[in-house]
Amino acid sequence: MSSSPTSSSSSGAPSAASNNPTTVFVFGASGDLAKKKTFPALFALFRSNLLPTHTRIVGYARSAMTPAELRERLSKFIRTPTDQDKKTLDEFFKIISYVHGQYDSDEDVIKLAKAAAEVEKKCAQPSSDCATDRVFYLALPPSVFIPISQQIKRHLTDNAGYKRLIVEKPFGKDLASSTELADALAANFAESEIYRIDHYLGKEMVKNLLILRFANVFFGAVWNRQFINNVQITFKEPFGVEGRGGYFDEYGIIRDVMQNHLMQILAIVAMDRPVDLSAEAIRDEKVKVLKSIPHLTVHDVIVGQYTRSGDGKVVGYLELDDVPKDSITPTFAQAVLHIKNERWDGVPFILKCGKAMPDRKAEIRIQFQDVAGNIFPHDLARNELVIRVQPDEAVYIKLMNKKPGLSTETVISELDLSYKQRYGGDYIPDAYEALILDVLRGDHANFVRSDELDVAWRIFTPMLHELERAKHKPEPYEFGSRGPSSADEQLKRHGGFTRHSQPYTWVPPAKH
């Protein structure tokens, strides 16, 4: 059914990948992440013939399940809009097997190893000396990363093919715990074998940033402090943390979203041009720009926590059953960072993320400097480049235009590239689909390197520890509101919140 994928060379062009049989181990196969993201992504690759030849998938988790129960659990989250997709799904489940056991048990993981060997024997190529490549996907809570990685090394890597370990965030809670995890993984796997997933790096518009920045001369010419006033990177969700309050309360919005997703976007927006498109060249530039950011303090950040909705229908964070009643975990955060280098000195980078907001949106908003010496009778809005990551992927430029008619009145308009209208027939893969394919290709460009993670935690750890040590109470904000009022005040202080005399609302163009 499937064919061998290609891998990315240093030039960005495809090159030949291994033709060996491949076994993908999904640890935590019964969990939310596996059923909602990992298996649907593997099915999408299978359907597109992008899995390696003779691929087998082995699920492993604590829950005892029959193959029929596993299929029922997974099928609810795998889209099969056509009859052919339904037939393909039947073929997909034929390559999946399942073993249950503990993550720290030698006996159970040895049982897994034997089951995998039997599966691999059945799908071996005619050449009996063919090695089997193995991919280990840890769709697990971080508390078991270390024990399961040790078990994998001890019992599942005795083969001549490649071995690749996929690790999901969070990568620790601060610099010390991140370093402990990195050291434990490094004891069993080489850095070249570790793929730390930040799924935002697999999103279409984040991957598009390199093209926008370095393939367009007009953006390159103004991508600096002389022309850009501020950069805003925003992540908003219109729901709370119902059902996952226990996990969320341990980490909070800064660790869950800002330190990883938003900082990865910041690094790509702010980095200098890499020497080529190789993974190491790109990640070298990201590390370089992150090293130019001073660590944050409590004075650089606004934190909030949502309360019951105005109509009383949605409970507040502290009213959730799995959240401590005295919790000071933030569900909203806004931080202002500064990059101390020649390109960006003096330009605030404003990162904002929150739960229980009015709408769902992730976007990058680059505000250019005000027009000097305005000769028109009305205030002029700043030009803005907006890159909408989700939903409804788009790139648009806000600019001033002459209002049609006999006057010279100005009006805010836009040059718009909405993906649904421009690329309506093109398939945009899910982030996990793109990233798992990158792992199979051996391409690290969209994964987090250990020193990159280290630098990011150095920026955030002092501020996080200071918040916790002082028991800093988040500012309450109503469910469905814009967030704490002090966040808008902070935006105003740093030039990111502007009011002008002309209203403007971005409206996606109608499809012709």
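Structural data are supplied above this passage.
All values derive from a computational prediction rather than experimental measurement. (Residues numbered from 1 in each chain as written. Predicted model: local features only at pLDDT ≥ 70, side-chain atom pairs only at ≥ 80, totals over all residues. Heavy atoms only, no water.)

Caption draft 1: Looking closely at the overall build of the protein. For the protein, the helix and strand inventory stands at 15 helices and 17 strands. The C-alpha atoms of the protein give a radius of gyration of 24 Å, which matches the 24 Å a tight globule of 512 residues would have. Along the three orthogonal principal directions, the C-alpha set of the protein runs to about 80 × 50 × 45 Å. Here the protein holds 512 residues, and 53% of them are scored as buried. By sequence separation, contacts in the protein at least 24 residues apart represent 77% of the contacts at least 6 residues apart. Only carbon and sulfur atoms are counted for the fraction: they give 51% of the accessible area of the protein, which is about 23000 Å². Side chains of the protein give 65 positive and 66 negative charges; the mean places of these two sets differ by 3 Å. (Helix = DSSP H or I, 4+ residues; strand = E, 2+ residues; numbered from the N terminus. Rg over C-alpha atoms; globule rule 2.2 N^0.38 Å. Buried < 20%, exposed > 50% of the residue type's maximum accessible area, 1.4 Å probe, protein only. Contact = heavy atoms within 4.5 Å. Areas by Shrake-Rupley, 256 points an atom, 1.4 Å probe, with all protein chains shown as cover. Lys, Arg positive; Asp, Glu negative; His and termini not counted. Charge placed at Lys NZ, Arg CZ, Asp CG, Glu CD.)

Caption draft 2: Representation of the pairing of strand S4 (residues 55–61) within the structure. Counting buried residues along S4, 6 of its 7 residues qualify, which places the element largely inside the surrounding structure. Sheet topology places strand S3 (residues 22–27) next to S4; 6 bridges connect them, and they run parallel. Each residue of the ladder has a partner; that of Val 24, found in S4, is Ile 57. In this structure, S4 lies alongside strand S5 (residues 96–100), joined through 5 bridges in parallel fashion. Bridged to Ala 61 within S5 is His 100. (Pairing = 2+ DSSP bridges.)

Caption draft 3: Main features of the packing of helix H1 (residues 32–47) against helix H3 (residues 83–94). For the pair H1 and H3, the least separation of the axes is 10 Å and the interaxial angle reads 110°. The orientation of H1 relative to H3 falls into the category roughly perpendicular. Note on element contacts: H3 touches H1 through Asp 85, Thr 88, Leu 89, Glu 91 and Phe 92, opposite Phe 39, Leu 42, Phe 43, Phe 46 and Arg 47. (Axes fitted to C-alpha atoms, helices over the stretch in contact; angles between N-to-C directions. Parallel < 35°, antiparallel > 145°, perpendicular 65-115°, else oblique.)

Caption draft 4: Just empty space enclosed by the protein, in detail. This structure, assessed with the given rule, holds 6 cavities of 30 Å³ or more. Considered as a void within the structure, the largest cavity measures approximately 60 Å³ in volume. In terms of lining, the largest cavity is formed by Phe 171, Asp 198, Gln 259, Asn 260, Gln 264, Val 448, Glu 452, Leu 453 and Ala 456. Breaking the lining of the largest cavity down by element, the ones donating at least two residues are helix H10 (245–270) and helix H14 (450–469). Its residues placed into classes, the lining of the largest cavity shows 4 nonpolar, 3 polar and 2 charged. (1 Å grid on protein atoms, 1.4 Å probe; cavity = no way out; pocket = protein on both sides within 12 Å on 5 of 7 lines; lining within 4 Å. Points joined across faces, edges and corners; volume = space filled by probe spheres on them. Nonpolar A, V, L, I, M, F, W, Y, C, P; charged D, E, K, R; others polar.)

Caption draft 5: Representation of the environment of Pro 391 within the structure. In this structure, Pro 391 sits in the loop between strand S14 (384–390) and strand S15 (394–402). Pro 391 sits in the partly exposed class, given a relative accessible area of 27%. Along the sequence, Pro 391 and Arg 308 sit 83 residues apart, while their C-alpha atoms lie 26 Å from each other.

Caption draft 6: View of the packing of aromatic side chains. As enumerated under the stated definition, the model contains 17 aromatic pairs in all. Centroid distance Tyr 306 to Phe 479: 5.5 Å. Interplanar angle 85°. Geometry classified as edge-to-face. Residue Tyr 306 is found in strand S10 (residues 301–307), and its partner Phe 479 is found in the loop between strand S17 (475–478) and helix H15 (485–493); the two are separated by 173 residues along the sequence. Assessed through its relative accessible area of 2%, Tyr 306 is described here as buried. By relative accessible area, Phe 479 is classed as buried at 14%. Among the aromatic side chains, those forming a connected cluster through ring pairs are Phe 25, Phe 27, Tyr 60, Tyr 103 and Phe 136. Lying across the ring of Tyr 251, Lys 173 places its NZ or CZ 5.7 Å from the centre. Stacked on the ring of Tyr 200, the Lys or Arg Lys 203 has its end atom at 5.0 Å from the ring centre. (Phe/Tyr/Trp six-rings, centres within 6.5 Å; stacked < 30°, edge-to-face > 60°. Lys NZ or Arg CZ within 6 Å of the ring centre and 35° of its normal.)

Caption draft 7: Layout of unusual backbone geometry. Following Lys 169, the chain continues to Pro 170 via a peptide bond in cis, the omega torsion being 5°. You can see Pro 170 is positioned in the loop between strand S7 (163–168) and helix H6 (175–186). Positive phi values are uncommon outside glycine, yet His 54 reaches one of about 60°. Within the secondary structure layout, His 54 lies in the loop between H1 and S4. The phi torsion at Asp 392 lies on the positive side, around 55°, for a residue other than glycine. Relative accessible area serves as the criterion here: at 34%, Asp 392 is assigned to the partly exposed category.

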